[in-house]
Protein chains: 2
Amino acid sequence: MPPLKPYSAALPYSYAPGVFPSLQLMQNCPQRAQRLLLSEKAQGEGVDKLRELCRRHHVREEVADKALARISGKQNCFAAVVFEKWQSELAPAAPHVVLHHPMDEGNLGTIQRTLLGLGIRDIAVIRPAADVFDPRVVRATMGAVFSLRVKYYEDFSLYRMEHPAHALYPFMLDGAVVLEQAVAQVQRPYALVFGNEGSGLPPEFAQLGQAVRIPHSNEIDSLNLSIAVGIGAYAFVHAAD
Amino acid sequence: MPPLKPYSAALPYSYAPGVFPSLQLMQNCPQRAQRLLLSEKAQGEGVDKLRELCRRHHVREEVADKALARISGKQNCFAAVVFEKWQSELAPAAPHVVLHHPMDEGNLGTIQRTLLGLGIRDIAVIRPAADVFDPRVVRATMGAVFSLRVKYYEDFSLYRMEHPAHALYPFMLDGAVVLEQAVAQVQRPYALVFGNEGSGLPPEFAQLGQAVRIPHSNEIDSLNLSIAVGIGAYAFVHAAD
């Protein structure tokens, strides 16, 4: 078997670092799993469950402390499952969240976990963007990525061609309507569109749909991206029918 | 003048690392500023504005590249203002957020910035807790800490003795009412109470007020603390009167 490499976006596989993300992987998409890497020190209920799931799905187990340290960059990573990366298709009638040029791995992970919690499973990511399969992102999602459909697009227009019927709600600092008003008149299915952490969405997005703003005081420049996604998605998910 | 030390919670002073947080400090509480540390490489509009504000408030400027690297732990910190730490009192009739044992510096910073943006300025922090004056937190708030009133308490009961009239809303995974329902019947002034990142609030908090839950799917254990604070505070701030 070829030696495992430190993660890079070009590799066809990645790592779910840690027992909890590895369990999420084995429970939600065991067909993607290739190898289970264990530390000599790995023990406990979670590890037992992980080994049992891997046995059941014929995923080979190996003691690989050096590989774990190399791929995780940490000394205290006791387990990781190597998995094959994949492309998802977004569900055509479900609500979507579109992330335009998200660059921060931590944000991308928190956003995925938040959206899974709020019941939104379909995420379009417009490049350039952080890599959803980066082990740091997988760790930050706590494995939520294995329950979501995430699809990358080279350009927003390519997303739009595939999903022309979604009502678009670009979140912008100067959006024409406030969140509460947008939610009161929501059209379905909807796609909530969020821009880059630093620069937000380009101005022309205001013409593509109903631009929304989350009101905030002028004492801050903007809300953190993951907070804005949390507030926006919560409001839309709980919109009265 | 005594040499500056790497930050520790025991020091009577701290650092606002970076041009932007330093500007926020000089604009909002210049009376706390003690010294301006500049890199030889510091330049640009922000730096000019910072130097001008420091001159106006008689804050001594010094070139101190070594001190900047030592206190920030980074090579690219071009400016920092040394400031005296202080204790605030919470406004008695304003809405409060109470953070019970928050331990993560990044969360604490994001929460402060979010609350300032949503218009909540009064934050009680119950120890043990991360240090709001830690330069990493100051950086994560983007200087919002200089516009807020943050007070530490050794115990929740000490907060409660000072502010007995606030209607308490503990946020708990098994809270008796959902957020929308709590908001529809909100009593003022209110205090929104959030627990530790990992363990949440102790069960007895459910008896102290109207326990609230933010509904989420059982596919995640809980929302990230800063996301929960963002969603909860947004909903309360925008409650109909």
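Description of the structure in this document.

Calculation criteria
- Residues numbered from 1 in each chain as written.
- Chains lettered and ligands numbered in written order.
- Predicted model: local features only at pLDDT ≥ 70, side-chain atom pairs only at ≥ 80, totals over all residues.
- Heavy atoms only, no water.
- Helix = DSSP H or I, 4+ residues; strand = E, 2+ residues; numbered from the N terminus.
- Rg over C-alpha atoms; globule rule 2.2 N^0.38 Å.
- Buried < 20%, exposed > 50% of the residue type's maximum accessible area, 1.4 Å probe, protein only.
- Contact = heavy atoms within 4.5 Å.
- Least-squares fit on C-alpha atoms with pLDDT ≥ 70 in both.
- Pairing = 2+ DSSP bridges.
- Axes fitted to C-alpha atoms, helices over the stretch in contact; angles between N-to-C directions.
- Parallel < 35°, antiparallel > 145°, perpendicular 65-115°, else oblique.
- Left-handed = near helix turned anticlockwise from the far one by under 90°.
- Nonpolar A, V, L, I, M, F, W, Y, C, P; charged D, E, K, R; others polar.
- Expected span 1.5 Å × (residues − 1).
- Arc of directions from axis to C-beta.
- 1 Å grid on protein atoms, 1.4 Å probe; cavity = no way out; pocket = protein on both sides within 12 Å on 5 of 7 lines; lining within 4 Å.
- Points joined across faces, edges and corners; volume = space filled by probe spheres on them.
- Buried area = accessible area lost by both parts, 1.4 Å probe.
- Salt bridge = Lys/Arg side-chain N within 4 Å of Asp/Glu carboxyl O.
- Polar contact = N/O pair within 3.5 Å; in protein donor to acceptor, adjacent residues only side chain to side chain.

## Notes on the overall build of chain A
- Helix and strand content of chain A: eight helices and eleven strands.
- Taken over C-alpha atoms, the radius of gyration comes to 19 Å for chain A, in line with the 18 Å a tight globule of 241 residues would show.
- Its C-alpha atoms give chain A principal-axis dimensions of about 55 × 35 × 30 Å.
- Within chain A, the fraction of its 241 residues that count as buried is 56%.

## Quick notes on the side chain of Ser147 of chain A
- Within the element layout of this structure, Ser147 of chain A appears in the loop between helix 5 (135–140) and strand 7 (149–153).
- Ignoring anything within four residues of it in the chain, the contact list for Ser147 of chain A reads Asn28, Leu116 and Arg121 of chain A together with Glu219 of chain B.

## A word on helix 1 (residues 19–28) of chain A
- Along helix 1 of chain A, the positions that sit buried rather than exposed are Pro21, Ser22, Leu23, Gln24, Leu25 and Met26 of chain A.
- Contact partners of the buried residues in helix 1 of chain A: strand 1 (13–17), strand 2 (33–38), helix 2 (45–56), strand 4 (79–84) and helix 5 of chain A.

## Side note on the relation of the copies chain A and chain B
- For the pair chain A and chain B, the superposition axis carries a translation of 0.0 Å, the fit reaches an RMSD of 0.0 Å, and the rotation angle comes to 180 degrees. With respect to symmetry, the two chain copies, as superposed, fit the operation of a two-fold axis.
- A symmetric contact is evident, with 100% of the interface residues of chain A recurring at the interface of chain B.

## Quick notes on the sheet that holds strand 10 (residues 190–194) of chain B
Residues and elements named next belong to chain B.
- Spatial strand order, 7-6-5-10-8: five strands in an open sheet with parallel pairing. In this open sheet, the two edge strands, each paired with only one partner strand, are strand 7 (149–153) and strand 8 (167–170). Between one strand axis and the next, the sheet turns through 20 degrees on average, direction left out of account.
- Against the sheet, helix 4 (residues 105–118) makes contact with strand 5 (96–100), strand 6 (122–126) and strand 7, and its axis sits at roughly 170 degrees relative to strand 5, the strand it touches most.
- Seen against the sheet, helix 8 (residues 225–237) touches strand 5, strand 8 and strand 10 and runs at an angle of roughly 165 degrees to strand 10.

## Some remarks on the environment of Ala167 of chain B
Residues and elements named next belong to chain B.
- Tracing the chain through its elements places Ala167 in strand 8.
- You can call Ala167 buried: its relative accessible area is 15%.
- It is 8.1 Å that separates the C-alpha atoms of Ala167 and Gln210, two residues lying 43 residues apart in sequence.
- If near-sequence neighbours (up to four positions away) are discounted, Ala167 is found in contact with Gln187, Pro189, Tyr190 and Ala191.

## Quick look at the packing of helix 1 of chain A against helix 2 of chain A
All names here are of chain A.
- At a minimum axis distance of 10 Å, the contact between helix 1 and helix 2 shows a crossing angle of 30 degrees. Classified by the angle between their axes, helix 1 and helix 2 sit roughly parallel to one another. Along this stretch, helix 1 crosses helix 2, giving a crossing that reads as left-handed. Residue-level contacts link Val19, Ser22, Leu23, Met26 and Gln27 of helix 1 to Gly46, Val47, Lys49, Leu50, Leu53 and Cys54 of helix 2.
- Partitioning the contact of helix 1 with helix 2 into residue classes produces seven nonpolar, three polar and one charged.

## Considerations on helix 2 of chain A
All names here are of chain A.
- Counted at 1.5 Å a residue, the expected span for helix 2 with its twelve residues is 16 Å, and the 17 Å between its end C-alpha atoms agrees.
- Here helix 2 has its buried residues at Val47, Leu50, Leu53 and Cys54. Viewed end-on, helix 2 has its buried residues packed into an arc of 125 degrees, placing them on one side of the element. Within helix 2, the exposed residues directed more than 90 degrees away from the buried face are Glu45 and Arg56.
- Those residues of helix 2 hidden inside the fold are in contact with helix 1, strand 2 and strand 4.
- Within two residues after helix 2, His58 carries a phi angle of roughly 60 degrees, on the positive side.

## Description of the layout of surface pockets
- Here the second largest pocket is characterised by a volume of approximately 390 Å³.
- Of all the secondary-structure elements, those providing two or more residues to the lining of the second largest pocket are helix 7 (179–184) and helix 8 (225–237) of chain A together with helix 7 (179–184) and helix 8 of chain B.
- Considering every element that reaches the lining of the second largest pocket, the biggest residue donor is helix 7 of chain B, with four residues.
- Of the residues belonging to the lining of the second largest pocket, the class tally is 13 nonpolar, two polar and two charged.

## Structural notes on unusual backbone geometry
- A cis geometry characterises the amide bond from Arg188 of chain A onward to Pro189 of chain A, with omega recorded as -5 degrees.
- The backbone phi angle of Met142 of chain A is positive, close to 55 degrees, even though this residue is not glycine.
- For Met142 of chain A, the location among the structural elements is in the loop between helix 5 and strand 7.
- Look at His58 of chain B: it is not a glycine, yet its phi comes out positive at around 55 degrees.
- Considering the arrangement of structural elements, one finds His58 of chain B in the loop between helix 2 (45–56) and strand 3 (60–63).

## Some remarks on the interface of chain A and chain B
- At the junction of the two partners, chain A supplies 27 residues and chain B supplies 27 residues.
- Surface buried jointly by chain A and chain B totals about 2400 Å² across both partners, of which 57% is contributed by carbon and sulfur atoms.
- Broken down residue by residue, the surface that chain A buries against chain B is led by Arg113, Glu219 and Tyr234 of chain A, which jointly contribute 24%.
- Along the contact surface separating chain A from chain B lie two salt bridges.
- Where Arg121 of chain B meets Glu219 of chain A, a salt bridge forms, and the shortest distance between an N and an O atom there is 2.1 Å.
- Across the chain A-chain B interface, the total number found is eight residue pairs in polar contact (both at pLDDT 80 or more).
- Breaking the side of chain A that touches chain B down by element, the ones donating at least two residues are helix 4 (105–118), helix 7 and helix 8 of chain A.
- Top contributing element to the side of chain A that touches chain B by residue count: helix 4 of chain A, with six residues.
- Taken together, the residues of the side of chain A that touches chain B break down into eleven nonpolar, eleven polar and five charged.

So, to be careful, I would describe these as geometric facts and stop short of saying anything about function.
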